[in-house]
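Take a look at the letters that make up each chain.
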Amino acid sequence: MFPKSDYHLHTHNSGDSTVPMEDMIETAISLGLTDICFTDHLDLDYPHYDDLPDGAFDLDVEAYHKELSFYRDKYKDKINIGFGVEVGMQTHIAKENAAFVKSHPFDFVIASIHLINRKDPYYPDFWEGISPSEVLRDYFRLTLDNLLVFEDYDVLGHLDYLVRYAPDCFDAYSYSKYSDEIDAILLHVIKNDKGLDFNSKPLFKNNTAPNPHPDVLRRYKELGGKIITFGSDAHKTAGVAGAFDQMRDIAISCGFNEYCTFKNRTPIFHKL
Ligand SMILES: [Zn+2]
Ligand SMILES: [Zn+2]
């Protein structure tokens, strides 16, 4: 199985996972991975939903770092374990997010959008009474708005993530339909020497296109993009490195021959 690094993994430190960190590590080792990075959620000012406790996506970063340091040492002869975080962007909390990232010794930071106008598209009521194609356009614009005010990240998380939850998503979505908005995001990422999280979750779970869609990944390469990380976005052991063999083929077909891991916020390139 290639690539041998999974750079988007969650544990019980995330509000939407209960999996022990050690179980994820053991699974990664059993799959032959050499590098993993935990990227537990920080989503400040996440709205109230009845099925979640308030502050579910606040991160107890001290406890998380302590636990990770323990296992990093315990497994140091078997696998490299990065200390990462997935920061949920909202423009009004960009300063708090930047201060948070700066004050902890992360190896890797994913910047993601999980909320649109303070609502989570995961919940079906988000989609009531709105046009999926218009909200997708708004989402891409909002992504760029966020990147303009939050700069301290390494890769943009699961670009086109909203498609995962859109009703009849693949009728509403194609790169060409949103090329202006998507190109603006890609050019911004490239200009700032950042990268993309190539996220296998929809491919693994539903056999639908990864995030971003291969047409978007190909466009990123055409525009000069170099940095990609492979991420399963697993919240359970079953998803670790999910569909990575197919992901590798897709990345190669889009023109990539390298992928990255990160150490101390610096990319390390590996052959695909
Ligand atoms: Zn995410
Ligand atoms: Zn994630």
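This is a predicted model, so every value here is computed, not measured. (Residues numbered from 1 in each chain as written. Chains lettered and ligands numbered in written order. Predicted model: local features only at pLDDT ≥ 70, side-chain atom pairs only at ≥ 80, totals over all residues.)

Turning our eyes to something else, we now look at helix α6 (residues 179-191). Spacing of three or four residues puts side chains on the same side of an α-helix, whose turn is 3.6 residues. Between its first and last C-alpha atoms α6 spans 18 Å; for 13 residues at 1.5 Å apiece the expected length is 18 Å, and the two agree. Of all the residues in α6, the buried ones are I182, I185, L186 and V189. Down the axis of α6, the sector holding all buried residues measures 95 degrees, keeping them to one side. The outward face of α6, more than 90 degrees from its buried face, is lined by the exposed residues D180 and K191. (Helix = DSSP H or I, 4+ residues; strand = E, 2+ residues; numbered from the N terminus. Expected span 1.5 Å × (residues − 1). Buried ≥ 20, exposed ≤ 12 C-beta atoms within 10 Å, placed from the backbone. Arc of directions from axis to C-beta.)

The next subject is unusual backbone geometry. Geometrically, the link from N211 to P212 is a cis peptide bond, its omega value of -5 degrees lying close to zero. For P212, the position within the fold is in the loop between α7 (201-206) and α8 (214-222). If you check the backbone angles, R118 has positive phi at about 60 degrees while not being a glycine. Here R118 shows up in the loop between β4 (108-112) and α4 (132-149). Take R118: there are 10 C-beta atoms within 10 Å of it, and that puts it in the exposed class.

So, about the pairing of strand β2 (residues 35-42). Here β2 lies mainly inside the structure; eight of its eight residues are buried. Residues D35, C37, T39 and H41 of β2 are buried on one face, and the alternating residues I36, F38, D40 and L42, pointing to the opposite face, are buried as well. With three bridges joining them, strand β1 (residues 5-9) and β2 adopt parallel strand pairing. Each bridged residue has a counterpart across the sheet, and for D6 the counterpart in β2 is I36. Handedness of the β-α-β unit built from β1, helix α1 (residues 21-30) and β2 comes out right-handed. Pairing analysis gives eight bridges linking β2 to strand β3 (residues 80-88), with the strands arranged parallel. Note on β3: the bridge partner recorded for D35 is N80. (Pairing = 2+ DSSP bridges. Right-handed = clockwise from strand over helix to strand, strands pointing away.)

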